[in-house]
Amino acid sequence: MIRHTLSALLLSAAALGALAAPAMADDAVARGKYLVTVISCGDCHTPGHLLGKPDMARMLGGSEVGFEIPGLGVFHGPNLTPDKDTGLGNWTEDQIVTAIRTGKRPDGRMLAPVMPWMSFASLSDDDAHAIARYLKSLPPVPNKVPGPFSAAEKPTAFVLRVAAPQ
Ligand code: HEC
């Protein structure tokens, strides 16, 4: 009898554990969605946003408007969806966290400072991973952004430029 009660208890503990794991993953995705929304990553990473008409069907699918950094070049907010060819589909969660907090891409290139990674360096481990997990949960959007362009190259798409006083 005691043995039966014990195994029933163990079984229900296992069942609870099985329930808790996906629930925790869902919590992280929800937290990531919240952070991405309030930090407004879409301003620079969602098509149309900088043209006044964000295309929410392709949310975080990459911007057609590049930021010109004088002397450095023109940089478009890339596709953050898990599309394998044009987005972050081949990046691990850790690689995404590293890029967000240190500006370092898996190929070693440092991201231009218009991507606010110096501020994002203060994100906690939990929050940075929640953001990466949320990005990985998005529907993949096939969209390769132009560039990056060096200061010597001619950009092929819209450019957000700082104009000197006339
Ligand atoms: C002010 C504009 C801006 C904001 C806000 C912004 N980003 Fe970026 N981000 C960029 C630009 C521009 C690049 C590309 C820089 C480069 O190529 O050197 C970039 C690059 C990245 C990359 C590297 C992707 C790749 O393919 O190289 C990741 C990951 C990323 N951003 C995630 C985020 C997340 C997550 C947020 C919000 C928490 C965010 N960004 C907010 C502008 C922004």
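Sequence order sets the numbering: in each chain, residues are counted from 1 along the sequence as written. Where local features are concerned, this predicted model is filtered to residues with pLDDT of at least 70; where side-chain atom pairs are given and counted, the filter is 80 or more; whole-chain, interface and lining totals use all residues. Here the side-chain values reflect all heavy atoms present in the structure, with hydrogen atoms and water set aside.

## Focus: the overall build of the protein chain
- Strands are runs of DSSP state E lasting at least two residues, helices are runs of H or I lasting at least four, and both sets are numbered from the N terminus onward. Scanning the protein chain from terminus to terminus reveals five helices and four strands.
- Working rule for contacts: check all heavy atoms of both residues, and any pair within 4.5 Å makes them a contact. Sequence separation of 24 or more characterises 54% of the internal contacts of the protein chain that already satisfy a separation of 6 or more.
- A total accessible area of about 10200 Å² is found for the protein chain, and carbon and sulfur atoms account for 64% of it. To measure how exposed things are, a 1.4 Å probe is used in the Shrake-Rupley method; for residues, cover is taken only from the protein chains shown.

## Let's talk about the pairing of strand 2 (residues 73-76)
- Exposed residues in this analysis have more than 50% of their type's maximum accessible area, buried residues have under 20%, and partly exposed residues fall in between, with area computed by a 1.4 Å probe over protein chains only. With burial as the criterion, each face of strand 2 is covered, one bearing Gly73 and Phe75 and the other bearing Val74 and His76.
- When DSSP finds two or more bridges between two strands, those strands count as paired. Where strand 1 (residues 65-69) and strand 2 come together, four bridges link them in antiparallel fashion. Within strand 2, the residue paired with Ile69 across the bridge is Gly73.
- Counted along the chain from strand 1 to the antiparallel partner strand 2, the turn is three residues long, and its residue Gly71 has a positive phi close to 85°.
- The pairing of strand 2 with strand 3 (residues 149-150) spans two bridges and is classified as antiparallel. Residue Gly73 lies in a different strand from strand 3, and its bridge partner there is Ser150.

## Things to note about the environment of Ala152
- Summarising the element assignment, Ala152 is placed in the loop between strand 3 and strand 4 (158-160).
- Along the sequence, Ala152 and Val74 sit 78 residues apart, while their C-alpha atoms lie 10.0 Å from each other.

## Quick look at the coordination of the iron atom of the ligand
- Note: metal donors comprise N, O and S atoms at 2.8 Å or less from the metal (3.2 Å for Na, K and Ca); water molecules are not included, so apparent gaps in a site are possible. Bound to the iron atom of the ligand on the protein side are His45 (NE2) and Met115 (SD), at distances that span 2.1 to 2.2 Å.
- By the criteria applied here, four donors are tetrahedral when all angles lie between 85 and 135 degrees, four are square planar and six octahedral when opposite donors are over 155 degrees apart and every other angle lies between 65 and 115, and any other arrangement is irregular. For the iron atom of the ligand, the six donor atoms in the first shell make angles of 86 to 179° at the metal, a pattern classed as octahedral. Pair noted here: His45 is in helix 2 (residues 42-45) and Met115 is in the loop between helix 3 (93-102) and helix 4 (117-120), with a separation of 70 residues, a long-range link.

## Brief notes about unusual backbone geometry
- With omega at 0°, the peptide bond leading from Gly147 into Pro148 counts as cis.
- Looking at where Pro148 falls in the secondary structure, it is placed in the loop between helix 5 (125-137) and strand 3.
- Although it is not a glycine, Ser40 adopts a positive phi angle of roughly 70°.
- Structurally, Ser40 can be placed in the loop between helix 1 (2-39) and helix 2.
- Given the relative accessible area of 28%, Ser40 is considered partly exposed.
- The backbone phi angle of Leu60 is positive, close to 65°, even though this residue is not glycine.

## Structural notes on the sheet that holds strand 4
- Across the sheet, which stays open at both edges, the four strands sit in the order 3-2-1-4 with mixed pairing between neighbours. Of all the strands in the sheet, just strand 3 and strand 4 have a single pairing partner and so form its edges.

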